[in-house]
Amino acid sequence: MGTAEPDLYRDTWVRYLGYANEVGESFRPLVPVPVVWASYGVATAYVTADAIDKGRKAATVSVTPSLPTPQLLPLPTDPSLSPQAHAQDPAQATRVGVAVVDTFVWQSLASVAIPGFTINRVCAASLALLGALTRWPLPVRRWTTTALGLATIPLIITPIDRTVDLLMDSSLRKLYGAPGEPPAPH
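Bear in mind that the values here come from a model prediction, so they are computed numbers and not experimental data.

**Considering the overall build of the protein**
Per the secondary structure count, the protein includes five helices and zero strands. Residues counted as buried form 30% of the 186 residues belonging to the protein. Taking contacts inside the protein between residues at least 6 apart in sequence as the whole, the part at least 24 apart equals 74%. Entry remark: accessible area of the protein is about 12100 Å², with carbon and sulfur atoms responsible for 69%.

The following block contains the structure:
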């Protein structure tokens, strides 16, 4: 039995780049804002690279046509002049588009937008509460807020992933069926 090749963006250390913005949000009380925005840049680059990778993989999927393509014109002697030489398979284009859009939207929501907002709010609330409820010095409150933000990251991953799956399954994915599959012909 052969094993499937590991997915670089989901099965290796590269996956952790998708969490860069959550780490950035956790450190917001301690670092300049441009550092936080840079962490969003890293996470967005990860999301974009994963979407491109899934599009490339979808482009290499070979689908055997169920019916032979009728030949309407005689084949020219020069292959570069053949209509088939520059024709694009619409099913392949659809597969690639669906793979890229599905991956990009899912990753944008599940890896960047929702977790970033969640960690931002957890940190803002904890910093405010620590200021109101303790007499700790500001640096201690900031480091405690950062620690709470970092500790929250593993707790929110699975619930957010499942929520985004549910959201996409009940909305965008209904347009094209299962993830990565083009819409069924009507």
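Let's pick the thread back up.
**Considerations on empty space enclosed by the protein**
Gaps left between atoms show up when a probe the size of a water molecule is rolled over them. Counting across every chain of the model gives one cavity of 30 Å³ or more. Roughly 40 Å³ of volume is contained in the largest cavity. As for the largest cavity, its lining consists of Tyr19, Glu22, Ala110, Pro115, Ile153, Ile156, Ile157, Ile160 and Asp161. Every element with two or more residues in the lining of the largest cavity is listed here: helix H3 (90-133) and helix H4 (138-169). Broken down by element, the residue count for the lining of the largest cavity peaks at five residues, all from H4. Tallied by class, the residues present in the lining of the largest cavity amount to seven nonpolar, no polar and two charged.

**Quick word on the pattern of salt bridges**
Considering all chains together, one arrives at nine salt bridges under this definition. Between aspartate 169 and arginine 173 there is a salt bridge, with the nearest N and O atoms lying 3.0 Å from each other. Through salt bridges that share partners, Asp7, Arg10, Asp50, Asp53, Lys54 and Lys57 make up one connected network.

**Focus on helix H2 (residues 33-60)**
Helix length check: H2, at 28 residues, gives a terminal C-alpha distance of 41 Å against a target of 40 Å (1.5 Å per residue), a fit within 8%. Of all the residues in H2, the buried ones are Val36, Ser39, Tyr40, Ala43, Tyr46, Val47, Asp50, Ala51, Asp53, Lys54, Gly55 and Ala58. Those residues of H2 that are buried lie in contact with helix H1 (20-26) and H3.

**Quick notes on the side chain of threonine 145**
Within the secondary structure layout, threonine 145 lies in helix H4. Dropping the residues within four chain positions of it, threonine 145 is found in contact with Pro29, Cys123, Ser126, Leu127 and Leu130.

**What about the side chain of serine 126?**
Note on placement: serine 126 falls in helix H3. Under the relative-accessibility criterion, serine 126 is labelled buried at 10%. Residues in contact with serine 126, not counting those within four places in the same chain, are Thr145 and Leu148.

**Concerning the packing of H3 against H4**
Contact geometry of H3 with H4 gives a least axis separation of 7 Å together with a crossing angle of 145 degrees. Our pair here, H3 against H4, has a crossing hand that is right-handed.

**Focus: the environment of methionine 168**
Looking at the secondary structure, you find methionine 168 in helix H4. A C-alpha to C-alpha distance of 9.9 Å links methionine 168 and leucine 109, two positions 59 residues apart in sequence. Leaving out residues up to four positions away in the same chain, methionine 168 has contacts with Asp102, Val105, Trp106, Arg173, Lys174 and Tyr176.

**Quick look at the nonpolar core**
Judged by nonpolar contacts, Val98, Trp106, Ala110, Ile119, Cys123, Ile153, Ile156, Ile160, Val164, Met168 and Tyr176 together constitute the single largest core of eleven residues. If you list the elements that add at least two residues to this core, you get H3 and H4. Each residue touching tryptophan 106, except ones within four places of it in the same chain, is listed here: Ser111, Asp161, Val164, Asp165, Met168 and Arg173. Grouped together as the second largest cluster of nonpolar side chains are eight residues, Tyr9, Tyr40, Val47 and Val112 included.

Definitions and limits used
Within every chain, residues take consecutive numbers counted from 1 along the sequence as written. With pLDDT at 70 or above as the cut-off, local features in this predicted model cover only qualifying residues; side-chain atom pairs require 80 or more to be listed or tallied, and sums for whole chains, interfaces and linings still use all residues. Just so you know, side-chain values use all the structure's heavy atoms and leave hydrogens and water out. For the purposes of this entry, the term helix denotes a DSSP run of H or I that reaches at least four residues, the term strand denotes a run of E that reaches at least two, and both are numbered from the N terminus. The classification of residues rests on relative accessible area computed with a 1.4 Å probe and restricted to protein chains. Under 20% of the type maximum is buried, over 50% is exposed, and intermediate values are partly exposed. The contact rule is simple, with two residues in contact once any of their heavy atoms fall within 4.5 Å. In these tables, accessible area is a Shrake-Rupley quantity obtained with a 1.4 Å probe, and a residue counts as shielded only by the protein chains included in the view. Buried and open spaces are told apart on a 1 Å grid over the protein atoms alone, a cavity being a set of points where a 1.4 Å probe fits but cannot get out and a pocket being an open set with protein on both sides within 12 Å along at least five of seven lines. Residues with an atom within 4 Å of a point are the lining residues. Grid points are joined across faces, edges and corners, and a volume is the space filled by probe spheres set on the points. Each residue receives one of three labels: charged for Asp, Glu, Lys and Arg, nonpolar for Ala, Val, Leu, Ile, Met, Phe, Trp, Tyr, Cys and Pro, and polar for the others, Gly being one of them. The salt bridge criterion pairs a side-chain nitrogen of Lys or Arg with a carboxyl oxygen of Asp or Glu, the two atoms within 4 Å. Under the convention used throughout, the expected extent of a helix is 1.5 Å for every residue step, that is, one less than its residue count. Each axis is a line fitted through C-alpha atoms, taken for helices only over the stretch in contact, and angles between the N-to-C directions span 0 to 180 degrees. Note on convention: near helix rotated counterclockwise from far helix by under a right angle means a left-handed crossing. Clockwise means right-handed. Side-chain atoms within 4.5 Å link the members of a nonpolar core, which is a set of buried Ala, Val, Leu, Ile, Met, Phe, Trp, Tyr and Cys residues.

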